[in-house]
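Tertiary structure, described
Spelled out from the first residue to the last, the chains are:
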Amino acid sequence: MVSADTLEPSVQPGPPSAEKPLLSVEGLTRVYGKRIGCADVSFELFPGEVLAVVGESGSGKTTLLNCISSRLAPTCGTVHYRMRDGASADIYKMSEAERRYLMRTDWGFVHQNPIDGLRMTVSAGANVGERLMAVGNRHYGNIRRAAIDWLARVEIGEDRVDDQPRTFSGGMRQRLQIARNLVTEPRLVFMDEPTGGLDVSVQARLLDLLRGLVSDLGLAVVVVTHDLAVARLLSDRMIVMKDGRVIEAGLTDRVLDDPRAPYTQLLVSSILQV
Ligand SMILES: Nc1ncnc2c1ncn2[C@@H]1O[C@H](COP(=O)(O)OP(=O)(O)OP(=O)(O)O)[C@@H](O)[C@H]1O
Ligand SMILES: [Mg+2]
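Going along each chain's sequence as written, the residues are numbered from 1 onward. Chain A is the first chain written and ligand 1 is the first ligand written, with later ones labelled in order. Side-chain atom pairs in this predicted model are given and counted only at pLDDT of 80 or more, local residue features only at pLDDT of at least 70, and totals for whole chains, interfaces and linings cover all residues.

**Side note on the packing of helix α4 (residues 124-134) against helix α6 (residues 170-182)**
Worth spelling out the cut-off: Every angle, taken between N-to-C directions, lies between 0 and 180 degrees, and every axis is a line fitted to C-alpha atoms, over only the stretch in contact when it is a helix. Comment: elements are numbered from the N terminus, with helices defined as DSSP H or I runs of at least four residues and strands as E runs of at least two. The cut-offs work like this: below 35 degrees is roughly parallel, past 145 is roughly antiparallel, 65 to 115 is roughly perpendicular, and the gaps in between are oblique. Take the far helix as your reference; a near helix turned counterclockwise from it by less than a right angle gives a left-handed crossing, and one turned clockwise gives a right-handed crossing. Residues are scored as being in contact if the C-beta atoms we place from backbone atoms lie within 7 Å. Gly counts as polar in this scheme, as do all residues outside two lists: the nonpolar Ala, Val, Leu, Ile, Met, Phe, Trp, Tyr, Cys and Pro, and the charged Asp, Glu, Lys and Arg.
At a minimum axis distance of 7 Å, the contact between α4 and α6 shows a crossing angle of 25°. Accordingly, the angle class assigned to the pair α4 and α6 is roughly parallel. Like other packed secondary-structure pairs, α4 and α6 cross with a definite hand, here right-handed. Residues Ala124, Asn127, Val128 and Arg131 of α4 touch α6, and the partners they reach there are Leu176, Ala179 and Arg180. In terms of residue class, the contact of α4 with α6 is made up of four nonpolar, one polar and two charged.

Given below as structure tokens:
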């Protein structure tokens, strides 16, 4: 049984020693009856760090992401999050209200399918503004201005602010979902295959945009992808999963250029279709 942190402690990126992890995952396991979703996963994520979770279909990526983002209770194991005041909180020991507040403010969640992360029958501006209202903004003019600013940051023109996302293309919807998530300036964003449903040219542009935003905002991100090019472009560090377990972990360039586990070698050499 290996965990991401015990595999190769010597190459874990060296955060400043005073810096403490934003997210600490320990021994996380989720089973569905007799089936394993993910098993004994441990890792730490530091502020501003991007971690990619890769692996073939059914390897447990979404199960892990949902467990660490408090959307799916683990069977065992713990997830600790460092709150803005510096205190470390066990996310499954918080009250439901505290957890919901965290999800609306400090965290973002970008779904593969934008329909799952947007309200399709309200305007684009309202989709972004709603998150601001949820954290206490009440001034209509300010909310609208912030929404327009954010739409511009994701390359959606002001002339579309009153349109509903059902009239948007797939790429625009995904960009809108990103704006909706980032407007509250979260510290941690979870993404499940953020470019998954898009065609290749749209994917490339979205990835570029995401990379810029992540670095400008200093976001910490856990991004699930089966696409190693996405991991290469976005992440600092990655974990490779197979059958619910972490089989390799390390700096992204190291894992992709010099994979150690035979399974990762197959993944990288594209022999396996993921
Ligand atoms: N709701 C569920 N009920 C039963 N089994 C489930 C459920 N969700 C996932 N599983 C099982 O858990 C394992 C991990 O699934 P998961 O969806 O986390 O994988 P994944 O890596 O996200 O796959 P994909 O790349 O296809 O999205 C699989 O064997 C899957 O069949
Ligand atoms: Mg999945």
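**Considerations on the domain arrangement of the chain**
So the rule is basically this: The source of the domain bounds is an automatic or database domain assignment.
Entries for the chain in the domain assignment read domain 1 (4-11 + 19-106 + 186-268) and domain 2 (119-184). Listed by partner, the interface residues are 13 residues for domain 1 and 13 residues for domain 2. By residue number, the principal contributor to the side of domain 1 that touches domain 2 is helix α7 (residues 200-217), which donates six residues.

**Examining the site of ligand 1**
Filter applied, for reference: Think of it this way: take the backbone, place a C-beta atom on it, and check whether that atom is within 6 Å of the molecule or strand, in which case the residue is near it.
Around ligand 1 sit Tyr32, Arg35, Gly37, Gly55, Ser57, Gly58, Ser59, Gly60, Lys61, Thr62, Thr63 and His226, and those are all the residues in its vicinity. Those elements that provide at least two residues to the shell around ligand 1 are β2 (35-45) and α2 (61-68). With three residues, α2 is the largest single contributor of residues to the shell around ligand 1. Per-class residue counts for the shell around ligand 1 are one nonpolar, nine polar and two charged.

**Remarks on the UniProt feature "domain: ABC transporter" (unreviewed entry) in the chain**
Rules: UniProt positions are given in the numbering used here, feature names are shortened, and annotations may be inferred rather than shown by experiment.
UniProt records the feature "domain: ABC transporter" (unreviewed entry) for residues 23-268 in the present numbering. Summarising residues 23-268: 38% helix, 26% strand, and an end-to-end C-alpha distance of 28 Å.

**Examining the pairing of strand β7 (residues 188-192)**
Operational definition: Backbone-placed C-beta atoms define the burial measure: a residue is buried with 20 or more other C-beta atoms within 10 Å of its own, exposed with 12 or fewer, and partly exposed in between. Any two strands are treated as partners once DSSP identifies two or more bridges connecting them.
Taking burial as the measure, the five residues of β7 include five buried ones, the bulk of the element. Burial along β7 is two-sided: the face carrying Leu188, Phe190 and Asp192 and the face carrying Val189 and Met191 are both buried. Judged from the four bridges that link them, strand β6 (residues 107-110) and β7 form a sheet pairing that is parallel. Counterpart to Val110 in the pairing with β7 is Met191. Here five bridges tie β7 to strand β8 (residues 220-224), and the two strands are oriented parallel to one another.

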